Amino acid sequence: MATIKDVARRAGVSVAAVSRALNNYPDIRPETKEKIMKVVDELRYYPKASARHLVTHRSNLIGIFYWSVDGAGLRQSFITHVLDSFKTTVGEFGYDILLFSNSQPPFDGYSLLERVKNRDVDGVLLFGIPKETTQGLIDAEIPIVGVDYVVPGRWVGTVTSDNRRAIYDLIRVLYDNGYRRIGFAHGPLAFPVAMERLQGYYSGMAAVGLVPDPRWIVDGAFNVEGGRLAASQILRSGGLPEILICSSDFTAIGALQVLQGAGVSIPDDIGIIGFDDVDGASYVYPQLTTISQKKTEIGRRAGEIMVSLIDRKNSLTPMHYVLPTELVVRQSTRPLSVRI
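Predicted model only: the values in this text are computed from it and were never measured.

The rules we used
- Numbering of residues starts from 1 in each chain and follows the order in which that chain's sequence is written.
- Residues qualify for local features only when their pLDDT is at least 70, as the model is predicted, and side-chain atom pairs are given and counted only at 80 or more; totals for whole chains, interfaces and linings, by contrast, use all residues.
- As a convention, hydrogens and water are excluded, and side-chain values are obtained from all of the structure's heavy atoms.
- Two strands form a pair only when DSSP identifies at least two bridges running between them.
- To qualify as a helix, a DSSP run of H or I must reach at least 4 residues; to qualify as a strand, a run of E must reach at least 2; elements of each kind are numbered from the N terminus.
- For every element, the axis is a line fit to its C-alpha atoms; helices are fit only across the contacting stretch, and the angle between N-to-C directions ranges from 0 to 180 degrees.
- In what follows, residue pairs with any heavy atoms lying within 4.5 Å of each other are defined as contacts.
- The buried label applies to any residue whose accessible area, calculated with a 1.4 Å probe on protein chains only, is under 20% of its type's maximum; exposed applies above 50%, and partly exposed to all values in between.
- Under the rule applied, a polar contact is a pair of N or O atoms within 3.5 Å (in protein, one hydrogen donor and one hydrogen acceptor; residues adjacent in sequence only if both atoms are side-chain atoms).
- Take the buried residues of types Ala, Val, Leu, Ile, Met, Phe, Trp, Tyr and Cys, join any two whose side-chain atoms come within 4.5 Å, and each joined set is a nonpolar core.

## Some details on the sheet that holds strand S11 (residues 319–323)
Taken together, 6 strands build an open sheet; the order of strands is S2-S1-S3-S4-S5-S11 and the sheet is parallel. What marks the edges here is a single partner per strand, and that holds for strand S2 (96–99) and S11. For this sheet, the mean inter-axis angle between neighbouring strands, taken without regard to orientation, is 20 degrees. Two elements, strand S3 (residues 123–127) and strand S4 (residues 144–147), share 4 bridges in a ladder whose sense is parallel. When the bridges of S4 are listed, Phe-127 appears paired with Val-147. In this fold helix H12 (residues 295–310) packs onto strand S1 (61–66), S3, S4, strand S5 (156–161) and S11, with an angle of close to 175 degrees to the strand it touches most, S5.

## Structural notes on the environment of Ser-85
In this structure, Ser-85 sits in helix H5 (residues 77–91). Overall, Ser-85 belongs to the buried group, its relative accessible area being 9%. For the pair formed by Ser-85 and Arg-300, sequence separation is 215 residues and the distance between their alpha carbons is 5.5 Å. From its side chain, Ser-85 meets the backbone oxygen of Thr-296 in a polar contact 2.6 Å long.

## Topic: the sheet that holds strand S8 (residues 243–246)
Taken in spatial order, the 6 strands make up an open sheet running S7-S6-S8-S9-S10-S12, and their pairing is mixed. Edge positions in the sheet fall to strand S7 (217–219) and strand S12 (326–328), since each has one partner strand and no second. Strand-to-strand twist of the sheet, defined as the mean angle between neighbouring strand axes without regard to direction, takes the value 20 degrees. Relative to S7, helix H10 (residues 224–235) is tilted by about 145 degrees, and along the sheet it contacts strand S6 (182–186), S7 and S8.

## Side note on the nonpolar core
Among the nonpolar cores identified, the biggest contains 25 residues, and Phe-86, Leu-125 and Phe-127 are the most heavily contacted of them. When contributions to this core are tallied by element, the ones reaching two or more residues are S1, H5, S3, S4, H12 and S11. Tallying contributions element by element places H12 first for this core, with 7 residues. Apart from the residues lying within four places of it in its own chain, the contact partners of Leu-125 are Ile-62, Gly-63, Ile-64, Phe-65, Leu-83, Phe-86, Val-145, Val-147, Ala-302 and Met-306. Ala-185, Leu-244, Leu-256 and Val-278 belong to the second largest nonpolar core, which has 22 residues in total.

## A short note on the pairing of S6
Within S6, 5 of the 5 residues are buried, leaving the element largely enclosed by the surrounding structure. Burial of S6 is two-sided: the residues Ile-182, Phe-184 and His-186 facing one way and the residues Gly-183 and Ala-185 facing the other way are all buried. Summarising the sheet, S6 and S8 pair through 4 bridges and their orientation is parallel. Note that in S8 the partner of Gly-183 across the bridge is Leu-244. For S6 and S7, the ladder comprises 3 bridges, and the chain directions are parallel. Residue pairing for S7: Ala-185 is matched across the bridge by Val-218.

What follows is the structure, encoded as structure tokens:
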């Protein structure tokens, strides 16, 4: 592996000159810098990250931290699609990503801030983390971008789908298509995204003059098992809604399994709608009607915000992007006419 001395020797310059060229110092002649960079390419020389960090005060690493409430982790296609787009975007600016594991030895008992400082990352991407977990990062003014989580403070940004509006508009669509008995399986309400979707349900029902039946407002837990429990609770309620909106596709899939197992016809006896449009939504039978999030755009926007924050191009005005969603109608509901 080539060293900085090898580069200097072949280019016929001093080690200090190579260092100045690599760090883009202005006090070096353009033709000398061009010759040095040509040798760098020929020898495939890459400065060690530790040495580069001493000069630039950056690690060129971005930390990723997510709280998997459904147990799927990176197997959940929403996270993988967002991360892939994020990785591509920040990679164009020379950044690598570092996935933080769950708190286990030697980092059990350490705060997220302590772990971030230990790994010396330049910024942190967060997926749906409660505020108390991130307050130390906010106070330390470490660049943060939240996905589906509005982060308060300076040097922060957020990219989220318009969760409340998505459910609100869905209620209007269902009402216009003749549905009146509408149930809702929400996610863990400690998570802002779950609360926003539940608020969209209540406000949407009020807007069309419908009164929610408390028997059909159940906890779906954002996972398959939660969907199974939610459907079992509804089956014991003494009646069925005409349609059940679920706060996640995993919840919807679990509910679908239990209802079909009980002999309930979908969508004839009850329709089911999910949220996210994960890969498996079109693989189950009947294929799942769902609200699709713009996963690739979420990742791209998050990456652009992160690079901007690390470069300290924004501090006083948090960058907050709310992206629209799209209703994808499949077989788990009757055909729906959607007014534009």
